[in-house]
Every structure is written in C-alpha cells, then in structure tokens.
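Structural characterization, general
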Amino acid sequence: MTTTADQPAEERTVELVIGGMTCASCAARIEKKLNKLEGVAATVNYATEKAKVTYAGSVSQRDLVATIEATGYTAEPPAAKVGATALSSDDAENGEKDDEVSRLRQRLVISALLSLPVLLMSMIPLLQFDNWQWLALTLASPVVVWGALPFHRAAFTNARHGAATMDTLISVGVSAAWLWSLWALFLGGAGAAGTRMSFSLMPSRQSATSSIYLEVASVVTVLILSGRYFEARAKKRSGAALRNLLNLGAKDVAVLRDGLEIRIPTDQLVVGDVFTVRPGEQIATDGVVTDGTSAVDASMLTGEPVPVEVGPGDAVVGATVNAGGRLTVRATRVGADTQLAQIARLVEDAQNGKAEVQRLADKVSGIFVPVVILLSLATLATWLLIGNSPTAAFSAAVAVLIIACPCALGLATPTALLVGTGRGAQLGILIKGPQVLESTRRVDTIVLDKTGTITTGQMSVAAVHATSGESLAQVQTLAGALEDASEHPIARAIADAARTAMPAMRATLAWSATDTSLPAVEGFSNHDGRGVTGVVQGHGVLVGRRTWLEHEWSIQAPADLVATAEAAEAEGQTPVWVAWDGAARGIIVVADTIKATSGQAVEQFRTLGLRPILLTGDNSRAAHAVAALVGIEPQDVIAEVLPADKVSAVKALQEGGSIVAMVGDGVNDAAALAQADLGLAMGTGSDVAIEASDLTLVRGDLRAAADAIRLSRSTLRTIKGNLFWAFAYNIAAIPLAALGLLSPVIAGAAMAFSSVFVLTNSLRLRRFAPLTTLDVRRQSDLALPTQRMGLEG
Amino acid sequence: MSTQTFPVTGLTCEHCVGAVTSELSVLAGVTDVRIDLVPDGTSTVSVTADQPLTDDEVAMALDEAGDYKLAAV
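The shown structure was predicted, so the numbers you read here are calculated from the model rather than taken from an experiment. The numbering scheme is per chain: residues are counted from 1 as the chain's sequence reads. Whichever chain is written first becomes A and whichever ligand is written first becomes 1, with later ones labelled in order. pLDDT decides what is reported in this predicted model: residues at 70 or higher carry local features, side-chain atom pairs at 80 or more are listed and counted, and totals for whole chains, interfaces and linings draw on all residues regardless. Heavy atoms throughout the structure, all of them, feed into the side-chain values; hydrogens and water do not.

1. Focus: the overall build of chain B
To keep things clear, this is the line we draw: Numbered from the N terminus, helices here are DSSP runs of H or I no shorter than four residues, and strands are runs of E no shorter than two. Any residue under 20% of the maximum accessible area for its type is buried, any over 50% is exposed, and the rest in between are partly exposed; the area is computed with a 1.4 Å probe on protein chains only. In this analysis, two residues are considered to be in contact whenever any of their non-hydrogen atoms come within 4.5 Å of each other.
Assigned secondary structure in chain B consists of two helices and four strands. Starting at the N terminus and ending at the C terminus, chain B contains elements arranged as β-α-β-β-α-β. Going through the 73 residues of chain B one by one, you find that 45% of them count as buried. Here the contacts in chain B between residues at least 6 apart in sequence split such that 64% fall between residues at least 24 apart.

Structure below.
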C-alpha cells in the first residue's frame, strides 16, 4: 500500500506519521502547506496523527517531509505494511496505542523504583550513609533525563512555537533541580563524604550550595508520569466505535450468479449483484427488493422499534435484519458507499473535528511559566545589583525555578478525574475519557433523541377500543391469544397486555375461562407482516392493518373506530385492527411508551440551566406529542431529521454558540454523539452509540444524564481547587527562594502539603450525591464508608 | 504607523497563535502582531503596520496560516 516502486511514476500515495500536532487547526495548517506543493493532494487526520498524501511529478517524499518540518511538525513514513486491509491497519493503530500506554507504564515503573530510595534517603537521616548523595545522583539522573524525556521533548516543541504548557513548567523545574544538585555535588560542598541533609527550617546561606534537590526532581517526575499514565490508559479505548460499526454488517452473502446461489464474503459483492436474504439474516448491503415481501427490523440502525414492511421496488439498508419472509435484493451500493459506511464516516469526521480543549493545567502554566522565569531573572539581577557574588545570585535564581514547579500539579487533574469517574461508575454513569469531565464545563443545551432515550423504545398497548356492542375484554383476549403466536414486536406488546389483563377480564368474557392463561390458537397464519389470522374459541380472528382487512378480506371498518384510529395515528401511535367472524370489532392502539422518569429529567435539566431540545427522525406530530408530555417547548422540537442530518442539527446548534450535550442510543445517533461537546449514550442502546459517546448511562434512565452533568461540574470545581492548592504552597515558597533561603526541607514540605491537600480535595468528590437515587445510595454511603473507599482504589 | 484589530475565528491554542503571528508578520510593513486568544471563539488580532492592511490581505495570510477566518464584523 505504501510502497511506491510498483506504482505508476505519475501518481504516488504515502501515509506519513505526523508528530507535534496539538489541535485540529494544526492539521488544517499542514494540509494547506502540503496542498500548495505542485501536484500534491493531502488530507491530514489530527486524531490518528497521519497525513495521507497523493503526489506526482518532481515532488519527492523528502520534499513532503521537509515542508511539514518547515511548518513546525515532524513527519516520517510508516513502516511498510504488506497487504494491509482497512481492518488490520486499524488493529495496528490500536496496537500502537497499546504500545504507547505500555511504554508510559514502563517509564513510570522504572522511574518510581529508582526514585523511592532517593526519596527515603533524603527524608530519613538514618539512611544517609557516607557518600549517599552519589548513589542518589546515580539513581535520580536516569529519572530526570530519561523518565522526564516526554516533558523535555514537549517543552522543546512548545518553546519553538513560543508557547508554555504544563510540560514546560515540569521540564524547567526538574532540570533546574537536577542541574543545581549536579553543580552542588561537583563544585559546591555537597559532594563531601560526610554531608547530611540539613533539617533546620531556616537554613543558613552557606548551606545553599551544599543542598541537593534530587528527590524533588525525581518525585515530581514520577508523580506527573503517573498522572499521564492514568489518562493515557483511559484514552486508549477511543476509536472502537468505528471498528464496531464496520463489524455490524453481514460477513457473507448468498449471491445469485448464473442462476446458482453461492456464498461469498460481503466485501466481494458488486453493484448489480442479486442476493437472497433469508428470515433472520442481515441484509448484506444497501439495495432494492426485487422479489418477496417481508418486514425489516432496522432498530439497530434507527432505534425505531417497529419493523418496516418492504416489497418489490422498496429500498433496504445494509446491516438491517430481515424479520419476515425470504427476500431477493439487488445491490445498489456497496463498500464505502453504503449508509452504514456513511454513518461510519460521519462518526469519524465528528471525532476528528473535535478540537481538543485546552487543559486547565496548561492554561494556568501558560501564564505561570513566563512569570516564574521573569521572577527568576529578576532575582538574579537584584542579587547582582546589591553586590552579591555571581554564585549566590545564580543559586537564588535557580532556587526560584526549582520551587516553582509544583509536584502536585501532576496530581491535580488526574486524581479529581479518577475519583469523579469512580463515583460516576457507582451511580451508573460510565465515563469513557475522564478528560470529558474537565472539558464540558459550559454545556448549556441538551439534545435528546426520542426513541429509546425519552421513550423506552419498546411497544406497549396504550389503549383498547371496541365498536359499540362489543366488550373490550373480548377484543383484547381474542387479539392477544392470536398475537401470542407471533414474534412481531407489536404482536408481543398486544399479547403481553392481554396476558396481564386476563385475571381482571376473565369474568366478562363470552366463554367461561377456567384459568388466567390466554386461549389456544388453531391454524395460525402470518400474512407477510401485514396481519395474522387464526381460530380462537371458535372465532375466525384477524388482526392487522385496516388496508389489509379492507382489501384482502373485504371487511369494512366501522366509522367510530376509524375516527379513533386516525386520532391515534396523528399522535404517532399505531392502531391495530381486530376483526372476527367477518366484521371489524375493535382496535388496539400500540405506542412506544415514554419512560416514567423522562419528565423529571427534563425538569432537572432546566434546573441545571440547560435548554432541552428534542431531535428525532419521527414525524413532527408524534414528536410534538412526546415533547408536550415531558415538558419540552414546542419551538425546541426538531423532527423528521434523517439519520445523517442529526449531526448537522447538532453542528448548527454549536455554530449558534451553544455548548451541546446530546443523549441518544441508536447507530444513527452515533455521529451526533461524537459531534456534541458531551455525548451521552443510553446503556440500553447500540454499542456503536456507546463507543461514540463520552458517557454511558448504564440504567437507561434519562435522569442520570442530569447527574452526569452535575458530576462533571463538581469535578471541574475540584480540579480548579486542586490547581489552586498545587500552586499556592509553591508560590508561598517563591519569596524564600528569591531571598536565598530555600532548603530541601522547605521544598519537601511544599511538595508534601500541596500533594496531601490535592488528594484530600479530590477524595471529597466521593461524596457527590445524585438527585435521582438519593434515598437508596445515600444510606449505603453513610453505612459503608470504608468499604467504598477500598472498592474504589 | 497604524494599529488595526481584526476579529478572527478558528484559533484554538497557542500553536494557532504562533501560526497566525508568523504569517501576518511577513506581510509588507507589519512591525508587530498581538493576539488575544479566545479558544473556539472569536480571538482579537492586533496588527501594527506602516500602512493599514486591507481585509483581503489579512484574510489571505490567515488562510495561509491554516483554517482561520476573519469573523464578520
């Protein structure tokens, strides 16, 4: 794929691995620079850190790399993969991510093992044998040079762009502490065999050159590496959404070639092929039905619970399930053109387009680092001006740099995220990238999918109507008994309702029912999903659509029932007609039911200052009916949206200045979930939606979405408090350092106090109380505080 | 000598600031570029130049720098 030798000289394609990109704008910038070269067409993907470049003529791969490097990034061609397919390169990518995490873990473990003795020796005078400081230097040096390498590297890249982030602060602080110690050991007095760490709180100035800060340098590195590791591990899972989506489709297909049916892998299918789909099978690709009628279950794609009836000439979508009879389908779109592939592309685009929000710690560092460097320079200048020796002036200036690097900085964000994530999990809110909790601070709009989110996504009986002279019980029992033999979701809803109602209805039935089970059916027959027939209690019973009754059985619908049925249809409900002995006698109205908790949830969103919006593919009347019931304003209903347009609807809201959270469950919601600033998937929904989202609400209770947003707000508050504490102790020590009074004890104390405060502050998040399950959870919280703590760790 | 300010969208981080600054700085007569970064919003770009720049010149430089655009005033 990436080799160039065997391809025509005019046009070559290469995939370059780009390094140093920090946001989607970087990708756009590289793309622009590359496309300016003659004969070059490039697309740069920020998320995968890859550039796909097609180039021709005199341009060489080296020119491409040079252009990218001149723009301020790194580029290298990936190792050639022979016969790599889309899926296996995906796996390779995942492997790379695994590698990254395991490399980070290796770095962390080795650094921690090396740092522990350094810390113990520095803190416990008993362990300070003669020449201990040289052992400390030997152990700490690899940590500072190799362990903190990612920070040095990032700091260097940032410096070239004139930017300062958390990495800069760490790199500068760790390097300063190490270089100081190096200098003190070799040139100052610290290298002498009998040197012990001074433990007086106000060290004399003379001791400054004999103090070493190796434990500060190594412990800071370890703490911050551990924070990075936790975050990297949590991040690893992204990208699974696409793999899941592509795995959704049928693996092989029974294609008709020269009148013979042969099974071939789906990816060998071409447009125009005719293939058969047996009942229960997945439709292999998008196509048009040429023969047969059936019901197609598209619930995995759209979330809509009722199968769609199809016949010759109707379009069907790949990956949906043939729920009824045998179908013959002519393929109209294959491979990358199918609706499923389009959804995959939308998800990918939405995930890539998401600019990474600047981390709070980086934001603070961006201001803090220049200030510290200025302070350090000012210290140097002042000491020199008032007539001190250059050595003393230099040591005071370096001391400012050492103390400024707060080691708790590395813990501030990850600990809050970890505790927040853990608490979320207890409450049934699974948080995928913990970073989500930090980045969704300003959510002000919440977009709700209808089916499966506000509603259960399952059909149930909403009402039973009988024409005059017939009893409701009779209608329900006969229909229920007949439908009990069918597998259709509507049929199941009718049968279930009848079974539940049987004990109460028994007395009013025309025959004497001896037990509470539904009567038996004889001669059951399913008419292509349009209706069912059978004999129950001696009656020839028909249950199905009105058109089917009228056209195929010449049974006219009574006027009173027609009005009721039309009213139900207007509300988005489905009326099912029941006839026996040659006359229509009743209707059973079946509808997707609204979850009992949805109304409360909408109210809670309002309390949180969010604007709830209903976004659905369903018709406008049904959408408005649901919106009215749960309390969403009519102007906030967006109905009749095609699956592909859900993502544009979210985009439009974002362009209007809203920060959007989206709650959904279907495959068709996936792109919108990825596009939203905060995507929440129902745990009861499709895997693809879950993968594309940031949060999963395990119980499928919409109220958990309100808790999730409250939790993310609490977490953000905690992070802010942590950053304050992380910096506060070190800032307080800066004047001491500037006066030349910094000692390892003060540095150690600042480190310890700020770390303890940050940890304690983060642990407070465990007490986050949800609104929904307050009664149950609160008690268990109070009763079992210690066990809970253990479970979380 | 004049200083103009331009509202610009599309800047998300310090790298964007660097990119826009370097592209604007090479325009004829430009002596200073300052950017007040508003991530994901409208950032304010102040350009000091010997003679005023046209919107077109600035828009071209922004395009050169990446996916940045002058916001409608």
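Resuming the write-up.
2. Quick look at the environment of Pro612(A)
Residue and element names in this part refer to chain A. With respect to the helices and strands, the residue Pro612 is situated in strand S22 (residues 611-615). What makes Pro612 buried here is its relative accessible area of 1%. Put simply, Pro612 and Ala601 are eleven residues apart on the chain and 9.8 Å apart in space, counted from C-alpha to C-alpha. Apart from residues lying up to four places away in sequence, Pro612 is in contact with Ile446, Leu448, Val602, Arg606, Ile632 and Asp636.

3. Concerning the confidence of the model for chain A
Residues and elements named next belong to chain A. Selection criterion: pLDDT runs from 0 to 100 and stands for how confident the predictor is about each residue.
Residue-level pLDDT values for chain A average 77, and 83% of them are 70 or greater. Across chain A, the element-wise mean pLDDT spans from 32 in helix H28 (residues 785-792) up to 91 in S22. A low-confidence stretch, residues 79-93 (pLDDT under 50), is modelled with 13 contacts involving residues beyond four sequence positions or located in other chains. Counting interchain partners and residues more than four positions distant, the pLDDT-below-50 stretch residues 198-208 has 16 contacts.

4. With respect to a nonpolar patch on the surface
Residues and elements named next belong to chain A. The following threshold applies: Patches here: salt-bridge-free residues with over 30% relative accessible area, like charges joined within 9 Å, nonpolar side chains (Val, Leu, Ile, Met, Phe, Trp, Tyr) joined within 5 Å. For every accessible area listed, the method is Shrake-Rupley and the probe measures 1.4 Å; residues are considered covered only by the protein chains on display. A pair is scored as a salt bridge if a Lys or Arg side-chain nitrogen falls within 4 Å of a carboxyl oxygen belonging to Asp or Glu.
On the surface, Leu116, Leu120, Met123, Ile124, Leu126 and Leu127 cluster together into a nonpolar patch covering about 560 Å² of accessible area. For Leu120, the location among the structural elements is in helix H3 (residues 86-123). Leu120 gets classed as partly exposed once you look at its relative accessible area, which sits at 37%.

5. Section: the environment of Ala692(A)
Note that Ala692(A) resides in helix H24 (residues 687-692). On a C-alpha basis, the gap between Ala692(A) and Leu680(A) in space is 8.9 Å, while along the polypeptide they are twelve residues apart.

6. As for the sheet that holds strand S12 (residues 321-322) of chain A
All names here are of chain A. Counted only if it meets this: For two strands to count as paired, DSSP must find a minimum of two bridges between them.
Spatially, the three strands line up as an open sheet ordered S10-S9-S12, and their pairing is antiparallel. Two strands bound the open sheet, and with one partner strand each, they are strand S10 (308-310) and S12. Bridge count between strand S9 (residues 294-297) and S12: two bridges; the pairing is antiparallel. What sits directly across from Asp297, in S12, is Val321.

7. A few points about the packing of helix H20 (residues 598-607) of chain A against helix H25 (residues 703-738) of chain A
Think of two packed helices as two axes; the pair is described by the angle between the axes and how far apart they sit. Residue and element names in this part refer to chain A. We apply this condition: Inter-axis angles, ranging from 0 to 180 degrees, are taken between N-to-C directions of lines fitted to C-alpha atoms, where helices are fitted over the stretch in contact. Oblique is the label for any angle not covered by the other classes, which are roughly parallel (under 35 degrees), roughly antiparallel (over 145) and roughly perpendicular (65 to 115). Amino acids outside the nonpolar list (Ala, Val, Leu, Ile, Met, Phe, Trp, Tyr, Cys, Pro) and the charged list (Asp, Glu, Lys, Arg) are all regarded as polar, and Gly is one of them.
Two elements in contact, H20 and H25, have axes separated by 7 Å at closest approach and are oriented at 25°. Of the possible angle classes, the one that applies to H20 and H25 is roughly parallel. Contact residues: H20 offers Gln600, Ala601, Gln604 and Phe605, while H25 offers Arg703, Ala705 and Ala706. In the contact of H20 with H25, the residues fall into four nonpolar, two polar and one charged.

8. As for the interface of chain A and chain B
To be explicit about the condition: Throughout, buried area stands for the accessible area (probe radius 1.4 Å) lost by two parts on being put together, summed over both. Whenever a nitrogen or oxygen atom comes within 3.5 Å of another N or O atom, the pair is scored as a polar contact, on the condition that within protein one atom can donate a hydrogen and the other can accept it, and that pairs from neighbouring residues in sequence are kept only if both atoms are in side chains.
Listed per partner, the contact involves 14 residues of chain A and 17 residues of chain B. When chain A packs against chain B, the two sides together hide about 1300 Å² of surface, and 49% of this comes from carbon and sulfur. Counting across the chain A and chain B interface gives one salt bridge. The partner of Lys33(A) in a salt bridge is Glu23(B), and the shortest N-O contact between them spans 2.9 Å. Linking chain A with chain B are one residue pair in polar contact (both at pLDDT 80 or more), by the criterion used here. The leading source of residues in the side of chain A that touches chain B is helix H1 (residues 24-36) of chain A, at seven residues. When the residues that make up the side of chain A that touches chain B are grouped by side-chain class, the tally is five nonpolar, five polar and four charged.

9. Regarding helix H2 (residues 61-71) of chain A
All names here are of chain A. This is how it is decided: The arc under discussion is defined with respect to the helix axis, by the directions toward the C-beta atoms.
For H2, the complete set of buried residues consists of Leu64, Val65, Thr67, Ile68 and Thr71. Down the axis, H2 shows its buried residues gathered within 160° of arc, on one side only. Away from the buried face of H2 by more than 90 degrees, exposed residues Arg62 and Ala70 are located. One or two positions beyond H2, positive phi appears at Gly72, with a value near 110°.

10. So, the sheet that holds strand S21 (residues 583-594) of chain A
Within a sheet, adjacent strands bond to each other through the backbone by hydrogen bonds, running parallel or antiparallel. All names here are of chain A. Pairing is antiparallel in the open sheet, where six strands are placed in the order S16-S21-S20-S19-S18-S17. Of all the strands in the sheet, just strand S16 (455-466) and strand S17 (521-526) have a single pairing partner and so form its edges. This sheet shows a mean twist of 20° between the axes of neighbouring strands, independent of strand direction. Here strand S19 (residues 539-544) runs beside strand S20 (residues 574-580); their pairing, made up of four bridges, is antiparallel. Along S20, the bridge assignment pairs Leu542 with Ala579. Of the strands in this sheet, S16, S20 and S21 are in contact with helix H17 (residues 489-505), which crosses S16 at around 60°.

11. Some points on the packing of aromatic side chains
Residues and elements named next belong to chain A. Defined as follows: The rule is short: rings of Phe, Tyr and Trp, with Trp giving its six-membered ring, pair when the centres are within 6.5 Å, and they are stacked under 30 degrees, edge-to-face over 60, tilted in between.
Going through the model one piece at a time under the given rule, you end up with nine aromatic pairs over all chains. Centroid distance Trp725 to Phe757: 4.5 Å. Interplanar angle 25°. Geometry classified as stacked. Of this pair, Trp725 sits in helix H25 while Phe757 is found in helix H26 (residues 744-763), placing the two residues 32 residues apart along the sequence. Looking at Phe757, the relative accessible area reads 34%, which means it is partly exposed. Ring centres of Tyr729 and Phe753 lie 5.8 Å apart, and the angle between their planes is 15°; this geometry places the pair in the stacked category. With Tyr729 in helix H25 and Phe753 in helix H26, the pair connects residues that are 24 residues apart, well separated along the chain. Residue class for Tyr729 comes out partly exposed when judged on its relative accessible area of 24%.

12. Describing the pattern of salt bridges
Residue and element names in this part refer to chain A. The tally for this structure, following the rule as stated, stands at 18 salt bridges over all chains. Of the charged contacts, one joins Asp484 and Arg499 as a salt bridge, the two residues approaching to 2.6 Å between their closest N and O atoms. Of the two residues, Asp484 sits in the loop between helix H16 (472-483) and H17 while Arg499 sits in helix H17, which places them 15 residues apart along the sequence. The exposure class of Asp484 is partly exposed, given its relative accessible area of 38%. The shortest N-O distance in the salt bridge between Asp701 and Arg703 comes to 3.0 Å. Classification of Asp701 as buried rests on a relative accessible area of 10%.

13. A short note on the packing of helix H1 (residues 14-25) of chain B against helix H2 (residues 55-65) of chain B
Residue and element names in this part refer to chain B. Defined as follows: The handedness criterion is simple: a crossing whose near helix is rotated anticlockwise from the far helix by less than a right angle is left-handed, and one whose near helix is rotated clockwise is right-handed.
Direction vectors running N to C along H1 and H2 enclose 135°, while the axes themselves pass 8 Å from each other. One element, H1, and the other, H2, form an angle in the oblique class. For the pair H1 and H2, the crossing hand works out as right-handed. Taking contact as the criterion, the partners of Ala19, Val20, Glu23 and Leu24 in H1 are, on H2, Val58, Ala61, Leu62, Glu64 and Ala65. Tallied by class, the residues present in the contact of H1 with H2 amount to seven nonpolar, no polar and two charged.

14. A closer look at unusual backbone geometry
All names here are of chain A. Positive phi, close to 50°, is recorded for Ser554, a residue that is not glycine. As for its position among the elements, Ser554 is in the loop between helix H18 (546-553) and helix H19 (559-570). One non-glycine residue, Glu640, lies in the positive phi region at around 55°. By secondary structure assignment, the location of Glu640 is in the loop between strand S23 (637-638) and helix H22 (643-655). A residue is classified by how much of its surface remains accessible, and Glu640, at 53% relative accessible area, is exposed.

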